[in-house]
Amino acid sequence: KYFDRIKQDEVPEVVGIVLESFKELVEALGPVVVDNVLDQIAEVTNMLLQGETLCQTYASDEEDMESDTLILQHLSEFLVALSKTLQDGFVPVFQKIYLNLKRHTNQKRDPEEIIIAYMIFAEVFHYSPSTVHLYGKEMIESGLGTKTLSDEEITRNACVMLGNIASSGKEAMLQNHQQIYGYLAHVIQNSQELPTKDNAIAAVCKLGWTAPKQMPQEIVQVVVNNSPLQGDPQENQTVAQFIIFFLTNDTAVLQAHLQWALAMLIDVILNQKKYQIQPEPHSQFVQFVKNLATQNPSFQAILQDLIGRLSACLLYTSPSPRDRQKSRMPSSA
């Protein structure tokens, strides 16, 4: 019924509601809902991507662009939920829809479509790592091609995609490191939007731990100069993981920036809610800093100095008991 309604309904909004319902069903019940209908999902997805459903052919010329964007947005949410649920089990579907999805990254397309298409690739590469090994190299080339575009949302999603390719596809990145670093440095230098800049910095971090020996020192300096990240605070978790990787595997990369590195880790630990750090990585960060303090005398001295400064800062900024009473607000719960 879901598939028939998507194919045959004349109203794009109804098709969007059907896709939303299907997404919620997948999220609630898991793979059992779709295990036997993956071919049908690929078929109807290709019809939507090619504009072949009834609601897409029924729309007037003026409505075409708006309805296509609406449907692509709902389709993107469904595909991301499906890849998150199936993980590498999503590969057979993705192989069948890849070419039609990639066509939506063509620079002649409406910018909204390009934005959504790169977002889908970014999320699928994150949740279904095997897709990176199949299509990572091609999509690196596609992502690098956005350098000439002025739309920062396109650039931002391309940066997220490149970072996720770096996390899962070392082989895909090795031949393109310098090009990718050049692209990301260009985005960081020229972006007017902090979230775009932050996603590019996060991609630099992921690329760094993919092939640490190929990371230019000037790129390390870019990460140092721009952290903690303010435009997309969640990416501070990526910066912390970058620091831990190099302090564990190649300390020389951060030798000139040890004080910054440790201060950054403490900042992330103390601002778990602000940076939306999940409990598991937060615990890993805490344990890592504890181990540094007990195992390495040089790190211990820096940490003690940082913690001392932090304690003085907290003491200086803490309100008096009277101020605390005045500033107490009723709970919003």
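Located above this text is the structure these notes cover.
Residues numbered from 1 in each chain as written. Predicted model: local features only at pLDDT ≥ 70, side-chain atom pairs only at ≥ 80, totals over all residues. Heavy atoms only, no water.

**Some details on the overall build of the protein**
Spelled out, the test is: Starting at the N terminus, helices and strands are each numbered in turn, a helix being any DSSP run of H or I of at least four residues and a strand any DSSP run of E of at least two. Whether a residue is buried, partly exposed or exposed follows from its accessible area with a 1.4 Å probe, protein chains only, as a fraction of its type maximum: under 20%, in between, or over 50%, in that order. The contact definition used throughout considers only heavy atoms, calling two residues in contact when any of these lie within 4.5 Å.
Looking only at helices and strands, the protein has 18 helices and zero strands in total. Across the 333 residues that make up the protein, the buried fraction comes to 47%. Across the protein, every contact between residues at least 6 apart in sequence was considered, and the portion connecting residues at least 24 apart equals 70%.

**Quick notes on the environment of Gln189**
Position of Gln189 relative to the elements: it lies in helix α11 (residues 177-190). Look at Gln189 and you get exposed, because its relative accessible area is 68%.

**Re the packing of aromatic side chains**
Ring pairs (aromatic) are described by centroid distance and by the angle formed between their planes. Put simply, the test is: Note on aromatic pairs: the rings of Phe, Tyr and Trp (six-membered ring only in Trp) are paired at centre separations within 6.5 Å, and the planes decide the class, stacked below 30 degrees, edge-to-face beyond 60, tilted for the rest.
In this structure the tally under the stated criterion is 13 aromatic pairs. Their ring planes at 10° and their centres at 4.8 Å tell us that Tyr2 and Phe22 sit as a pair that is stacked. A residue pair is termed long-range when its members are at least 10 positions apart, and Tyr2 in helix α1 (residues 2-8) and Phe22 in helix α2 (residues 12-29) qualify at 20 residues. Judged by relative accessible area, which is 29%, Tyr2 ranks as partly exposed. Overall, Phe22 belongs to the buried group, its relative accessible area being 5%.

**So, helix α14 (residues 236-249)**
Given 3.6 residues to a turn, an α-helix orients residues that are three or four positions apart in the same direction. This is how it is decided: The span one expects for a helix is its residue count, reduced by one, times 1.5 Å.
With 14 residues, α14 should reach 20 Å at 1.5 Å per residue; the first-to-last C-alpha distance of 20 Å fits that figure. Taken across its 14 residues, α14 has 10 buried, putting it largely inside the fold. Along α14, the positions that sit buried rather than exposed are Asn236, Gln237, Thr238, Val239, Ala240, Phe242, Ile243, Ile244, Phe246 and Leu247.

**Notes on empty space enclosed by the protein**
To find the voids left in a structure, one rolls a probe of water-molecule size over its atoms. We apply this condition: In this analysis, the protein atoms alone were mapped onto a 1 Å grid. Cavities are point sets where a 1.4 Å probe fits without being able to get out; pockets are open sets with protein on both sides within 12 Å along at least five of seven lines; lining residues have an atom within 4 Å of a point. Grid points are joined across faces, edges and corners, and a volume is the space filled by probe spheres set on the points. Ten residue types, Ala, Val, Leu, Ile, Met, Phe, Trp, Tyr, Cys and Pro, are classed as nonpolar, four, Asp, Glu, Lys and Arg, as charged, and the remainder, Gly among them, as polar.
Scanning all chains against the criterion turns up two cavities of 30 Å³ or more. The calculated volume of the largest cavity comes to roughly 40 Å³. Along its surface, the largest cavity is lined by Phe3, Ile6, Leu19, Phe22, Ile41, Val44, Thr45, Leu48, Leu75 and Phe78. Those elements that place two or more of their residues in the lining of the largest cavity are α1, α2, α3 (38-49) and α5 (61-86). Considering every element that reaches the lining of the largest cavity, the biggest residue donor is α3, with four residues. Looking at the second largest cavity, the residues that line it are Cys159, Val160, Gly163, Asn199, Ala202, Ala203, Lys206 and Glu235. Put simply, the parts of the chain that give the lining of the second largest cavity at least two residues each are α9 (152-168) and α12 (194-210). At four residues, the largest contribution of residues to the lining of the second largest cavity is made by α12. In terms of residue class, the lining of the second largest cavity is built from four nonpolar, two polar and two charged.

**Things to note about the packing of helix α8 (residues 130-144) against α11**
Let me state the cut-off plainly: An axis is simply a line fitted to the C-alpha atoms; with a helix, the fit covers only the stretch in contact. Between two such axes, the angle follows the N-to-C directions and lies from 0 to 180 degrees. Left-handed is the label given to a crossing in which the near helix is rotated counterclockwise from the far helix by less than a right angle, and right-handed is the label when the rotation is clockwise.
α11 packs onto α8 with a crossing angle of 35° between their chain directions and a minimal axis gap of 10 Å. Both α8 and α11 take part in a crossing whose hand is left-handed. The residues of α11 that touch α8, namely those facing Ile140, Gly143 and Leu144, are Gln179, Ile180 and Tyr183. Its residues assigned to classes, the contact of α8 with α11 comprises four nonpolar, two polar and no charged.

**Some points on the packing of α9 against α12**
The criterion, for reference: With respect to orientation, any angle under 35 degrees is reported as roughly parallel, any angle over 145 as roughly antiparallel, any angle of 65 to 115 as roughly perpendicular, and every other angle as oblique.
Viewed as axis vectors pointing N to C, α9 and α12 meet at an angle of 15°, and their least axial separation amounts to 8 Å. Judged on the interaxial angle alone, α12 and α9 are roughly parallel. The two elements α9 and α12 cross, and the hand of that crossing is left-handed. Residues Glu152, Thr155, Arg156, Cys159, Val160, Gly163, Asn164, Ala166 and Ser167 of α9 lie in contact with α12, whose contacting residues are Pro195, Thr196, Asn199, Ala200, Ala203, Lys206, Leu207, Trp209 and Thr210. For the contact of α9 with α12, a count of residues per class yields eight nonpolar, seven polar and three charged.

**Overview of the pattern of salt bridges**
Applicable threshold: A carboxyl oxygen of Asp or Glu within 4 Å of a side-chain nitrogen of Lys or Arg is what we treat as a salt bridge.
Under the criterion given, the structure shown has eight salt bridges. Measuring nitrogen to oxygen at the nearest pair gives 3.3 Å for the salt bridge that ties Glu113 to Arg109. Residue Glu113 is classed as buried on the basis of its relative accessible area, which comes to 6%. One salt bridge in this structure joins Asp250 and Lys213, with 3.5 Å as the shortest N-O distance. Placement of the pair is Asp250 in the loop between α14 and α15 (258-270) and Lys213 in the loop between α12 and α13 (217-226), with a sequence separation of 37 residues. For Asp250, a relative accessible area of 14% translates into the label buried. Ionic contacts of the salt-bridge type, sharing partners, join the residues Glu20, Lys23 and Glu27 into one network.

**Brief notes about unusual backbone geometry**
Most peptide bonds adopt trans geometry, and most residues besides glycine take a negative phi value. The linkage connecting Ser227 with the following residue, Pro228, adopts the cis geometry, with an omega of 0°. Among the secondary structure elements, Pro228 is positioned in the loop between α13 and α14. Although it is not a glycine, Gln87 adopts a positive phi angle of roughly 55°. Within the secondary structure, Gln87 sits in the loop between α5 and α6 (91-103). The class of Gln87 is partly exposed, set by a relative accessible area of 47%. Backbone geometry at Gln276 places phi at a positive 55°, although glycine is not the residue there. Its place among the elements puts Gln276 in the loop between α15 and α16 (279-295). On the basis of relative accessibility, which here comes to 44%, the residue Gln276 falls in the partly exposed class.

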